[in-house]
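# Report on the structure
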Amino acid sequence: MANVLPLEKQEQILRGLGMGTPLSHLAHILDVAPDTVARYARLAGDMAIAFLDAQQRDLEVARVEVDEYYSYCGAKRENVDRMKNRKEGDGEVLHFLAVVPGTGGFILSHLAAPSNDLHSTQPFIRDLGERLKRDENGDFIVRPTIVSDGHGSYKPAIEAEWGAAMTYLRLNKQRSNQTADGKKTRWRFIGVSREVVIGELEGDEEFWTNNVEAVNRTARARNRRVARRTNAFSKTFENHKRQFAYWVFYHNYCLIAKRRDMTPAMEVGASKRLIETKGIIELIHHYHRRIEEEGLIDDTLDEAEVDDGVNNDEIAPFWLYRNFNLNTVKVHRSGCCNCRNGKGRNGQQGRSGEWHPIRTTLQDALDRAERLEPKRVDVCRICISEYQTLGRRI
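Note that the structure is a prediction, hence the values are computed from the model and not measured.

## Comments concerning helix 10 (residues 362-371)
The periodicity of an α-helix, 3.6 residues per turn, causes residues three or four positions apart to be oriented the same way. What helix 10 keeps buried is the set Leu-362, Ala-365, Leu-366, Arg-368 and Ala-369. For helix 10, the buried positions fall inside an angular range of 160 degrees around the axis, keeping them on one side. Check the buried side of helix 10 and you find it contacts strand 7 (318-323), strand 8 (328-333), strand 9 (353-358) and strand 10 (376-379). One or two residues past the end of helix 10 sits Glu-373, with phi positive at roughly 55 degrees.

Structure below.
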């Protein structure tokens, strides 16, 4: 089985990831292999996506501010066409945020999408509404009010998903590039106009989008993945979504802002306590144990095939090495110089993966490797030379 980091190292990695520290910086500062940091980033990101989806439900929220800002994945928009191995999701990425005012910046819903058009805005508005509490008839317990800037796709998205069940207010920011005497100058902010798009507004209330814009600034300042000028951008869209979901989780449940005495999640009623770093480790273990028990992934071996690592009388004839970083599986014989009965070269069990013993036949080992659903399945050319590469490349 793979090496296990000391608890203190695990906590340091998870705290660094929660503050948006680049993976290479964390690996260098903590003297940990980059593959190990990348693996913890994936584990924490998957946990955060599931946790936010389950925990942030049935909330009684009266007002939500929404906004979007861009980052990029793989390469900047102007460089995407020159990429040799372009992948889906490369280029500009839009982040939608829904923030509850007066809670220290609680992020109720978020979405990373390739654009901010109607096709991408609708899932965000749908998810936002599904997190609010409703009665047995499907009506909102508290009629929500959504406040946004002048972006045009929010109105048709709200009408398509929720009709007139929500109140929608729009704050149109006005800019000008001329002075009072008509001379050209740089574009600058000159004022706002307020518009009630859907529903009604009681009185002459002045509404703003200050809260969501403050969270946008916090994200850019504390999370290097989404800063405007950075070399710490994500290389794949899936990892980008994982990283941002974990940042949202850490922001909501693990940080107490200055001049406040509770986390944003505690203020909105989504949580009753501060989640410390040890609690994050427990949540990660609980999440992966649950999905294994429910059969959502086949990430473990049968009990008869699990090696306890101590005084095994029976030597497993074959071993699988699962590389988490490359998402590949390779089959070895136990006596291979690359395997050494699951100890690896020079007793090094692997920095970016884990060994699994197979006590039956080679075909069973190949079948088990395929069930792990890697991108590629190989056999060792040293100890199983008569076999060729199996599986597929993606």
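## Examining the pattern of salt bridges
Enumeration over the complete set of coordinates arrives at 16 salt bridges. For Glu-213, the salt bridge identified is with Lys-173, shortest N-O distance 2.2 Å. In this pair, Glu-213 is assigned in helix 6 (residues 210-222) and Lys-173 in strand 5 (residues 167-178), connecting sequence segments 40 residues apart. Residue classification places Glu-213 among the buried positions, given a relative accessible area of 19%.

## Points about the sheet that holds strand 2 (residues 91-100)
The strand order across the open sheet built from six strands is 3-2-1-4-5-6, with neighbouring strands paired in mixed fashion. In the strand order of this sheet, the two ends are held by strand 3 (106-113) and strand 6 (184-198), each with one partner. Across the sheet, the mean angle separating the axes of adjacent strands is 20 degrees when strand polarity is ignored. Here strand 2 pairs with strand 3 via seven bridges, running antiparallel. Opposite Val-100, over in strand 3, you have Phe-106 as the bridge partner. Here helix 6 sits on the sheet in contact with strand 1 (63-73), strand 2, strand 3 and strand 5, set at roughly 30 degrees to strand 1.

## A short note on empty space enclosed by the protein
All told, the structure shown has two cavities of 30 Å³ or more when counted by the stated rule. Of the voids in this model, the largest cavity is the one considered here, and its volume is about 40 Å³. Taken together, Leu-17, Leu-23, Ala-41, Ala-44, Gly-45, Arg-242, Gln-243 and Tyr-246 make up the lining of the largest cavity. Of the residues that constitute the lining of the largest cavity, the class distribution is five nonpolar, two polar and one charged. Around the second largest cavity, the lining residues are Gly-20, Thr-21, Pro-22, Leu-23, Asn-223, Arg-224, Arg-225, Ala-232 and Gln-243. Among the residues forming the lining of the second largest cavity, the class breakdown is three nonpolar, four polar and two charged.

Analysis parameters
- Residues numbered from 1 in each chain as written.
- Predicted model: local features only at pLDDT ≥ 70, side-chain atom pairs only at ≥ 80, totals over all residues.
- Heavy atoms only, no water.
- Buried < 20%, exposed > 50% of the residue type's maximum accessible area, 1.4 Å probe, protein only.
- Helix = DSSP H or I, 4+ residues; strand = E, 2+ residues; numbered from the N terminus.
- Arc of directions from axis to C-beta.
- Contact = heavy atoms within 4.5 Å.
- Salt bridge = Lys/Arg side-chain N within 4 Å of Asp/Glu carboxyl O.
- Pairing = 2+ DSSP bridges.
- Axes fitted to C-alpha atoms, helices over the stretch in contact; angles between N-to-C directions.
- 1 Å grid on protein atoms, 1.4 Å probe; cavity = no way out; pocket = protein on both sides within 12 Å on 5 of 7 lines; lining within 4 Å.
- Points joined across faces, edges and corners; volume = space filled by probe spheres on them.
- Nonpolar A, V, L, I, M, F, W, Y, C, P; charged D, E, K, R; others polar.

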